[in-house]
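Given next are the chains, with one letter for each unit.
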Amino acid sequence: MERKTSMLESIILFALISVTIVIFVQLKLGLQIPLLFSWIILYFFCLIKGIDFNALEKHALDAIRSAFVVVLILLSVGTLIGSWIISGTVPTIICYGLELINPRYFLPVTVLICSIMSLATGTSYGSAGSGGLAMMGIGIAMGFPPGMIAGAVICGALFGDKLSPFSDSTNLASGMANADLFKHIRSCLWTTVPPYILTLIFFTFLGFHHVGSGVFDEATLDSYRATLNGIFKIGWVSLLPLILVVVLLIRKVAAFISILMGALFGVFVAYFYQGRGFSEIMKTLYEGFTISSGVEFVDKLLNRGGMMSMFDLMIVIVFAIGLGSMLEYLGVLGNILDRITKRIHSTGSLILATLGIGYVTTAIGCNMAMGQVITGRLMSPIFKQRGVAPEVLSRTLSDAGVLGGTMMPWHTTSIFFATTLGVGYLDYIPYVPLCYLTPFVALVMAYMGIAVGTVPPEDPEPEASAS
C-alpha cells in the first residue's frame, strides 16, 4: 500500500495525537474525547494533503467491524458480573475465600488461581471478570489495597493467557510467525517462567509485609461474612455458574457465548435459589447490582456490574481501533517502523527491535491483535533471512503484544482490567512485575544467545509493507 505521509508528517501526527491523549489522561478526563479529537485531527490532515477521507474512514470502519467481537465480550462480561452478584456466586466465593485463605499468602494465591483459570480457559478477560473479581472482594475485605490485588489478578490472568493452547493470542502469535503451536509455547516458557517466579516472590513479600503491618483484623472479616450471609444464601449452588463457564471455555466454546451462558445460568440461580424477582434480575443485568447494606465495604464490593458499566470502555475501543487503523492506512506506522528495522545488526538487536515495534503497534492499535499481526508481517522476513527460528519471533510477539497493553492507559486491555476490577490505572501499574520483567528477560537471553533457536537462513521475496 502506498504511503501517504512523509517521515516528518508521521512523527508530527503521532506526537500530536499522543500528546493530546497524555494530557487528558493526566487530567483524569477520560479517553473518549481525545480519541474522538484524534479523528478530527486526521480529518484536517486529509483536507490539507488532499487525501480522500471517505476511504480513510472506510478503512477504520472495516477494522472496527472485524474487532467487534471484543465489544460483544465486554457486554457479556458486564452482564456476567451483575448476574454473578445477584445470584450469590461472587459473595459465596468471597465468604469461602475469607474462611480458607491465609491472609499472608493471599496475594500469591491470587496469582496462582488466576493463572490456573486462564491456562484452563485461554482468556485473561474471562479469568479477571470471574475469579479475579471474587479475589478482589476477598482481598479488599482483608485490607489489601485494591491496586495491589488487581496487579496480582492481572499477572496471573496474563500468564495463563500467554501460555494456554486455547488462547486466541497464543494461536495468533504462532500463526503470524508460522511457528508450531507447542514449539511456541515451549519457547515462551523461557521468557515467561523466570519473571513469573519472581512475581510470586514479589507478591509473597508484599503479603507478609502487609499482614505484618497490623491492617488485618479477624473481627472485621467476621462482620463482612455475617453481612453477606444476611443478604445471600451462601452455598455450593451459587458456584454452579462459575463451574459452567470454566467447563465451556475448556471445551473451546467461544468466550462470548461461554460468558453469556454463565450470566444466563446466574439468572436461574438468582431466581430459583436466591429468590430474587425477575424484574430485579433483568434490571441488574443492564444497570448493575445495587444495595445499601449499611456496611461500606459490602456496598462498594457489590454495587457494580451490568451492561451499562461497559459502555465507556466500548466507546474507547471503537475510537481507538479506528484510530490505529487510520494511522496504518496513512503510512504513519510504516514510516516509524522502517527507522527501527534499519538498526538491526545482531540477534539481540533483532529481538530489541521486534519488542520495540510490538510496543509501538500495540500502542497505536490499542488492541493486542493489531500489534501481533503488523509486527509479525513486518519482522517475519528478517527472522528468516537471519536464520532465527519462527518460535523465537512468535514468543517475542507474545512478550510485547499480550503484556504490553496493560502498561498503556489508553489500551483496551488496560481499560478492561481497570473497569472490571474497579481500580485506576495508576493504582495497579506498580504491581504488574510480570509485564516489566518479561521483556527484560527476553533481551538478556537474546544478547547472551540463550534459547534462541536457529533454522537455515532464507532469502524470501519482499513482503508487502505493513502500512
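These notes cover the structure that comes with them. Here the residue numbers are simple positions, counted from 1 along each chain's written sequence. Owing to the predicted nature of the model, reporting of local features is limited to residues with pLDDT of at least 70; listing and counting of side-chain atom pairs is limited to 80 or more, with chain, interface and lining totals taken over all residues. Side-chain figures throughout are based on the complete set of non-hydrogen atoms in the structure, without hydrogens or water.

## Considerations on the pattern of salt bridges
So, step 1. Salt bridges are defined as contacts in which a side-chain nitrogen from Lys or Arg sits within 4 Å of a carboxyl oxygen from Asp or Glu. Counting across every chain of the model gives five salt bridges.
So, step 2. Among the ionic pairs, E9 bridges to K49, the shortest N-O distance being 3.1 Å. Here the residue E9 occupies a position in helix α1 (residues 7-26), and K49 occupies one in helix α2 (residues 32-49), the gap between them amounting to 40 residues.
So, step 3. Buried means the residue's accessible area, taken with a 1.4 Å probe over protein chains only, is under 20% of the maximum for its type, while exposed means over 50%, and partly exposed covers the values in between. The partly exposed category is assigned to E9, whose relative accessible area is 21%. Numbering of helices and strands starts at the N terminus; helices are DSSP runs of H or I of at least 4 residues and strands are runs of E of at least 2.

## Focus: the packing of α2 against helix α3 (residues 53-66)
So, step 1. Only C-alpha atoms enter the line fits that serve as axes; for helices the fit covers just the stretch in contact. Angles between N-to-C directions range over 0 to 180 degrees. Direction vectors running N to C along α2 and α3 enclose 145°, while the axes themselves pass 10 Å from each other. Counted together, W39, L42, Y43 and C46 of α2 and F53, L56, A60 and I64 of α3 form the full contact between these two elements.
So, step 2. Each residue gets one of three labels, nonpolar for Ala, Val, Leu, Ile, Met, Phe, Trp, Tyr, Cys and Pro, charged for Asp, Glu, Lys and Arg, and polar for the others, Gly among them. Of the residues assigned to the contact of α2 with α3, the class counts are eight nonpolar, no polar and no charged. Note on contacts: a residue pair is in contact if any heavy atoms of the two residues lie within 4.5 Å.

## Considering helix α5 (residues 89-100)
So, step 1. End to end, α5 covers 16 Å across twelve residues, agreeing with the expected 16 Å (1.5 Å per residue, within 8%).
So, step 2. Of all twelve residues making up α5, nine are buried, and the element is well covered by its neighbours.
So, step 3. All of the buried residues along α5 are T89, V90, P91, T92, I93, I94, C95, G97 and L98. To estimate how far a helix should reach, multiply one less than its number of residues by 1.5 Å.

## A few points about the environment of P145
So, step 1. One can find P145 in the loop between α7 (124-141) and α8 (146-163).
So, step 2. Residue class for P145 comes out partly exposed when judged on its relative accessible area of 31%.
So, step 3. Linking P145 and Y428, residues 283 residues apart in sequence, is a C-alpha distance of 9.4 Å.

## A few points about the environment of M176
So, step 1. Here M176 is to be found in helix α9 (residues 168-176).
So, step 2. Along the backbone, M176 and G376 are 200 residues apart, and their C-alpha atoms lie at a distance of 5.3 Å.

## A look at the side chain of T79
So, step 1. In this fold, T79 is placed in helix α4 (residues 68-86).
So, step 2. Residue class for T79 comes out buried when judged on its relative accessible area of 6%.

## Structural notes on a nonpolar patch on the surface
So, step 1. A grouping of V253, I257, M261, L264, F268, Y271, F272, F278 and M282 is seen on the molecular surface, where their side chains present a nonpolar patch of about 870 Å² in accessible area.
So, step 2. Listed by contribution, the elements that provide at least two residues to the nonpolar patch are α13 (255-272) and α14 (278-287).
So, step 3. Per-element tally for the nonpolar patch: the top contributor is α13, with six residues.
So, step 4. Note on placement: F268 falls in helix α13. Residues qualify for a patch when their relative accessible area is over 30% and they have no salt bridge, like charges being joined within 9 Å and the nonpolar side chains of Val, Leu, Ile, Met, Phe, Trp and Tyr within 5 Å. To measure how exposed things are, a 1.4 Å probe is used in the Shrake-Rupley method; for residues, cover is taken only from the protein chains shown.

## Concerning unusual backbone geometry
So, step 1. Although it is not a glycine, N178 sits at a positive phi angle of roughly 55°.
So, step 2. With respect to the helices and strands, N178 occurs in the loop between α9 and α10 (181-212).
So, step 3. A positive phi angle is found at A451, which is not glycine, with a value near 55°.
So, step 4. One can find A451 in the segment after α23 (433-448).
So, step 5. Classification of A451 as partly exposed rests on a relative accessible area of 23%.

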